[in-house]
Amino acid sequence: SQKIEQNSEALNIQEGKTATLTCNYTNYSPAYLQWYRQDPGRGPVFLLLIRENEKEKRKERLKVTFDTTLKQSLFHITASQPADSATYLCAPANAGNNRKLIWGLGTSLAVNP
Amino acid sequence: GAGVSQSPRYKVAKRGQDVALRCDPISGHVSLFWYQQALGQGPEFLTYFQNEAQLDKSGLPSDRFFAERPEGSVSTLKIQRTQQEDSAVYLCASSFSTYQDSSYEQYFGPGTRLTVT
């Protein structure tokens with residue numbers, strides 16, 4: 001069955017450093033992959049989407065890579081800030097008419113001042 | 001503009017009761033999704049609508065779960081004869097996308113936290 005794995009341990013980093021979160025998938029060939037942020041008590045918020053033919057995508061301090069050979073996406077936050085503390089979820093998806101997302105468990109990130 | 005809204009935000013039901021959870025998507029959004037999220041887990045897909053058509057209900061855990069979107073806007077997720085294992089946050093998301101365009105991102109509501117006692 002399709003399986004999405006993210007860093008199982010919570011990530012604690014110092015403010016100003018780069019946070020790197022990992023998303024690995026098996027038994028799956030997604031056409032694109034999305035990253036979302038979720039704060040406690042709230043729904044996920046869309047951050048970035050990367051397609052299978054794109055190696056890298058950037059948005060402000062965020063960078064996502066997508067390696068279809070390794071079946072892995074990396075999510076980077078540069079110059080991290082305490083406000084970046086949240087749970088980050090990856091969600092690969094197929095192309096086509098059904099846009100449902102299959103989600104990882106999420107990685108909890110804490111940025112310490 | 002207004003985002004996705006869900007009501008109620010919190011619901012406590014006694015085991016065996018029926019509940020109805022409402023989702024108001026962003027106006028004009030074609031696609032609507034329901035997800036279930038247990039504590040400390042990622043969301044789990046339940047069902048997907050494109051306008052009023054329910055295109056995928058493969059994630060509904062049992063025949064006690066039923067979803068509808070009769071006019072292609074507001075959606076209701078109904079759970080009959082609730083059980084304790086139904087306790088979770090139920091998230092609704094909407095998206096402008098259809099298979100013909102490339103707007104894939106989903107916009108989520110705050111969720112309804114259901115507790116079955």
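Note that the coordinates shown come from a computational prediction; the quantities given were computed from them, not determined experimentally.

### Section: the environment of threonine 69 of chain A
Now for step 1: Here threonine 69 of chain A is to be found in the loop between strand 7 (62–67) and strand 8 (72–77).
Now for step 2: Remark: the alpha-carbon pair of threonine 69 of chain A and serine 29 of chain A, spanning 40 residues in sequence, is separated by 9.9 Å.

### Description of the sheet that holds strand 9 (residues 86–93) of chain A
All names here are of chain A.
Now for step 1: Read from one edge of the open sheet, five strands run 2-10-9-4-5, paired in mixed fashion. Bordering the open sheet on either side are strand 2 (11–14) and strand 5 (45–51), each of which pairs with just one other strand. Strand-to-strand twist of the sheet, defined as the mean angle between neighbouring strand axes without regard to direction, takes the value 25°.
Now for step 2: Here three bridges tie strand 9 to strand 10 (residues 107–112), and the two strands are oriented antiparallel to one another. For alanine 86, the partnering residue across the bridge sits in strand 10 and is leucine 109.

### A word on the interface of chain B and chain A
Now for step 1: Contact with chain B, which involves 28 residues of that partner, is made by 21 residues of chain A.
Now for step 2: Of the roughly 1900 Å² buried at the junction of chain B and chain A (both faces included), carbon and sulfur atoms supply 52%.
Now for step 3: For chain B, the biggest contributors to the area lost against chain A are Pro43, Tyr104 and Phe108 of chain B; these three give 30% of the whole.
Now for step 4: Seen at the junction of chain B and chain A, the total is one salt bridge.
Now for step 5: One salt bridge connects aspartate 56 of chain B with lysine 100 of chain A, and the closest N-O pair in it is separated by 3.3 Å.
Now for step 6: At the junction of chain B and chain A, the tally comes to five residue pairs in polar contact (both at pLDDT 80 or more).

### A closer look at the side chain of aspartate 84 of chain A
All names here are of chain A.
Now for step 1: Here aspartate 84 is to be found in the loop between strand 8 and strand 9.
Now for step 2: Classification of aspartate 84 as buried rests on a relative accessible area of 7%.
Now for step 3: Not counting residues up to four positions away in its chain, the partners in contact with aspartate 84 are Arg37, Arg61, Ile77, Leu109 and Val111.

### Observations concerning the sheet that holds strand 1 (residues 5–7) of chain B
Residue and element names in this part refer to chain B.
Now for step 1: Pairing is antiparallel across the open sheet formed by four strands, whose spatial order is 1-3-8-7. Of all the strands in the sheet, just strand 1 and strand 7 (65–68) have a single pairing partner and so form its edges. The mean angle between the axes of side-by-side strands here comes to 15°, regardless of whether they run parallel or antiparallel.
Now for step 2: Bridge count for strand 1 against strand 3 (residues 19–24) is three bridges, and the pairing is antiparallel. Opposite serine 7, over in strand 3, you have arginine 22 as the bridge partner.

About the thresholds
- Residues numbered from 1 in each chain as written.
- Chains lettered and ligands numbered in written order.
- Predicted model: local features only at pLDDT ≥ 70, side-chain atom pairs only at ≥ 80, totals over all residues.
- Heavy atoms only, no water.
- Helix = DSSP H or I, 4+ residues; strand = E, 2+ residues; numbered from the N terminus.
- Pairing = 2+ DSSP bridges.
- Axes fitted to C-alpha atoms, helices over the stretch in contact; angles between N-to-C directions.
- Contact = heavy atoms within 4.5 Å.
- Buried area = accessible area lost by both parts, 1.4 Å probe.
- Salt bridge = Lys/Arg side-chain N within 4 Å of Asp/Glu carboxyl O.
- Polar contact = N/O pair within 3.5 Å; in protein donor to acceptor, adjacent residues only side chain to side chain.
- Buried < 20%, exposed > 50% of the residue type's maximum accessible area, 1.4 Å probe, protein only.

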